[in-house]
Amino acid sequence: VCSVALIFIMFYGGFGTKWSEAKPVAVKAVLLSSLGTIITAGLVGLFCYFVLKISLLESFLIGSVISSTDAASVFSILRSKRLNLRNNTASMLEIESGSNDPFSYMLTIIVLSLMNGNVSPGKFGYMIFAQFVYGIVFGVIIAVLTLLFFKKFTFPTPGFDAIFMVAVAIIAYAATEFVGGNGYLSTYIAGIIVGNSRIGNKQVLVNFFDGMTGLMQMLLFFLLAFPSQLPGIALTGLFIALFLTFVARPIAAVSILMPFKSSIRQQLLVSWVGMRGAASIVFAIMAVIDPAVTENDIFRIVFFI
């Protein structure tokens, strides 16, 4: 259920991104979503290991799970408030938040595989290759096929195009996962390509997925929430949240943006727009149901954060 919910959040993240505005800052955004996610995960992992005395791999598992920013929250703030941020900052944040979930997912899968002790160097290399290459290739292919379909066919009944796009999002994820690729990356790329092409009823589709994304957010945060079980992990969660917010995220953002000579204001804003959300909840559930043995209640720690 949670994986399906994240599919729609990822697809809308790409579908609602205006590439014409995002293109000038695409390099910085991709570095933030890739290298920035890895730096954040690494710093949080080191903090959990040295300060909170959590085992090494479990520390990096926590870091990996919460390393990505939440696309739905970032989109909601930037698009609904119409902030008119300078230097394409809004577009940069949107691309980062939409594209860093696949990297967090990949890190989570890698750490879980290491914890299970079933990763050889060859298998490890192929896993990374498959995650990126298959994710990109399948996303492009499915998007192209979708656009060809729209050119050849029209739906006789209003609303069917929305149902069709739901199918496209699910297929983009499922087909890629079937061959060992990163389904979330594929879904995001398909969303970007289709969303930036000329198709009919685009505004209706935007409104539909906007509502769908909100519903999926609520589903994720209420599905497994038991407030009575949070006090036991509150202190650990609070320490990680503070370190993540005031140390890890700012270091990752500043270290990437400083070489581009970004303004101090932009660096500070990007540092603070590092909200965690739906993706981290999904990846925490993946960690819980995995055979890997963990000593801490990772799901509720992440939920608390």
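Let us look at the structure shown here.

Focus on the packing of helix α1 (residues 2–15) against helix α10 (residues 183–195)
Part 1: At their nearest, the axes of α1 and α10 sit 6 Å apart, and the two run at 35° to each other. As α1 packs across α10, the resulting crossing turns out to be right-handed. Along the contact surface, α1 presents S3, L6, I7, M10, F11, G13, G14 and F15, while α10 presents Y184, T187, Y188, A190, G191, I192, V194 and G195.
Part 2: When its residues are assigned to classes, the contact of α1 with α10 shows ten nonpolar, six polar and no charged.

Describing the environment of I170
Part 1: Tracing the sequence through the fold places I170 in helix α9 (residues 160–178).
Part 2: Separated by 159 residues in the primary sequence, I170 and F11 place their C-alpha atoms 9.2 Å from one another.
Part 3: Leaving out residues up to four positions away in the same chain, I170 has contacts with I7 and F8.

Focus: the pattern of salt bridges
Part 1: Applying the stated criterion across every chain, the model contains two salt bridges.
Part 2: Residues R249 and E96 are paired through a salt bridge, measuring 2.6 Å at the closest nitrogen-oxygen approach. One end of the pair, R249, is in helix α12 (residues 234–257); the other, E96, is in helix α6 (residues 89–99), and 153 residues separate them in sequence.
Part 3: Residue classification places R249 among the buried positions, given a relative accessible area of 6%.

Some words on the packing of aromatic side chains
Part 1: Within this structure, the stated rule accounts for 24 aromatic pairs.
Part 2: Seen in terms of ring centroids, F155 and F164 are 5.7 Å apart; in terms of plane orientation they differ by 50°. Their pairing is tilted.
Part 3: The class of F155 is partly exposed, set by a relative accessible area of 28%.
Part 4: Each ring, one from F299 and one from F303, has its centre 6.1 Å from the other, and the planes form 35°; the classification is tilted. Placement of the pair is F299 and F303 together in helix α15 (residues 298–304), with a separation of four residues, close to one helical turn.
Part 5: Three or more aromatic residues joined by ring pairs make a cluster, and in this case those are F149, F150, F153, F155 and F164.

Conventions we followed
Residues numbered from 1 in each chain as written. Predicted model: local features only at pLDDT ≥ 70, side-chain atom pairs only at ≥ 80, totals over all residues. Heavy atoms only, no water. Axes fitted to C-alpha atoms, helices over the stretch in contact; angles between N-to-C directions. Helix = DSSP H or I, 4+ residues; strand = E, 2+ residues; numbered from the N terminus. Left-handed = near helix turned anticlockwise from the far one by under 90°. Contact = heavy atoms within 4.5 Å. Nonpolar A, V, L, I, M, F, W, Y, C, P; charged D, E, K, R; others polar. Salt bridge = Lys/Arg side-chain N within 4 Å of Asp/Glu carboxyl O. Buried < 20%, exposed > 50% of the residue type's maximum accessible area, 1.4 Å probe, protein only. Phe/Tyr/Trp six-rings, centres within 6.5 Å; stacked < 30°, edge-to-face > 60°.

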